[in-house]
Amino acid sequence: VRVSAGGLDYVKEWPTDAGLGTRCLRWTNQPASNHQLVFDYGKWVPVIPGETLTGSVYVKGGGSITVRMAWIDSAGVDLGTNASSSYTATSSWTRYTVSGTVPAGAALVRFEIARGSSAVDDIDIAAPQLEVGSQATDFQAGGGAPLVHIDQLERTSPLYPYYNVSMTLLEA
């Protein structure tokens, strides 16, 4: 996680609806200017144009927030067509979502929270999740599949690995 301004602290608090968990992030000392918090900074997520994605995150605090997905193409150029939803954070844990269809030419997406120039209240953040589909599902802690096994490897080309190769992986 990376913030463009302010600081991050761990707080021993967690939204009950998110399932198991003990600590959240508190975004503090935000200046009176536009700023953002980026989840998995430096790890853009590969996407397929035309698929629908939903991002969700639990937030508690005050002030305005915008939950958004930012798209870039394979050359790293920002497409400028962010999917976003704006909300006013409350004093109780609330799950905020954004859904969007991956635009043509997009190769990667980044999930983030943005705050406007007047939003300087501290906010607590927990259980961010980016998933395929138009609805947010129950939060599941994860970080990808660190270990996979090759289940099937089919090839029909005499020029392996260049043409008509498919592989099925199983998470370990």
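Here goes a summary of the coordinates provided. In every chain, residue numbers begin from 1 and rise along the written sequence. Only residues with pLDDT of at least 70 get local features here, since the model is predicted, and only at 80 or more are side-chain atom pairs given and counted; chain-wide, interface and lining totals rely on the full set of residues. Excluded from the side-chain calculations are hydrogens and water; all other atoms, namely the structure's heavy atoms, are used.

### So, the pattern of salt bridges
Point 1. For this analysis, a salt bridge means a side-chain nitrogen from Lys or Arg found within 4 Å of a carboxyl oxygen belonging to Asp or Glu. Taken as a whole and assessed by the stated rule, the structure comprises four salt bridges.
Point 2. When the shortest N-O distance is used, the salt bridge between Glu112 and Arg68 registers 2.4 Å. Of this pair, Glu112 sits in strand S10 (residues 108-115) while Arg68 is found in strand S7 (residues 63-72), placing the two residues 44 residues apart along the sequence.
Point 3. Taking the shortest distance from any N to any O, the salt bridge between Glu112 and Arg110 comes out at 2.9 Å. Numbering of helices and strands starts at the N terminus; helices are DSSP runs of H or I of at least 4 residues and strands are runs of E of at least 2.

### Description of the nonpolar core
Inside soluble globular proteins, nonpolar side chains tend to come together where they are buried.
Point 1. Only buried residues count toward a nonpolar core. Its members are Ala, Val, Leu, Ile, Met, Phe, Trp, Tyr and Cys residues joined through side-chain atoms within 4.5 Å. Only protein chains enter the accessibility calculation, which uses a 1.4 Å probe; a residue whose area is less than 20% of its type maximum is buried, one above 50% is exposed, and one in between is partly exposed. Ranked by size, the top nonpolar core spans 23 residues in total, and within it Val57, Val59, Met69, Trp71, Ile113 and Ile125 carry the most contacts.
Point 2. Counting only elements with at least two residues in this core, the list comes to strand S6 (52-61), S7, strand S8 (83-89), strand S9 (94-101), S10 and strand S11 (123-132).
Point 3. Per element, the largest residue contribution to this core is four residues, and it comes from S7.
Point 4. Each residue touching Ile125, except ones within four places of it in the same chain, is listed here: Cys24, Leu25, Trp27, Leu37, Phe39, Val57, Tyr58, Trp93 and Ile113.
Point 5. By size, the runner-up hydrophobic cluster in this structure holds nine residues, among which are Val11, Ala18, Cys24 and Tyr58. Contacts were defined at the residue level, with two residues in contact if any of their heavy atoms lie within 4.5 Å.

### Re unusual backbone geometry
Point 1. Phi is positive for Asp40, close to 50 degrees, though the residue is something other than glycine.
Point 2. Among the secondary structure elements, Asp40 is positioned in the loop between strand S4 (35-38) and strand S5 (45-46).
Point 3. Phi is positive for Ala127, close to 55 degrees, though the residue is something other than glycine.
Point 4. If you trace the backbone, Ala127 turns up in strand S11.
Point 5. Note on Ala127: relative accessible area 3%, which makes it buried.

All quantities given are derived from atomic positions and should not be read as evidence of function.
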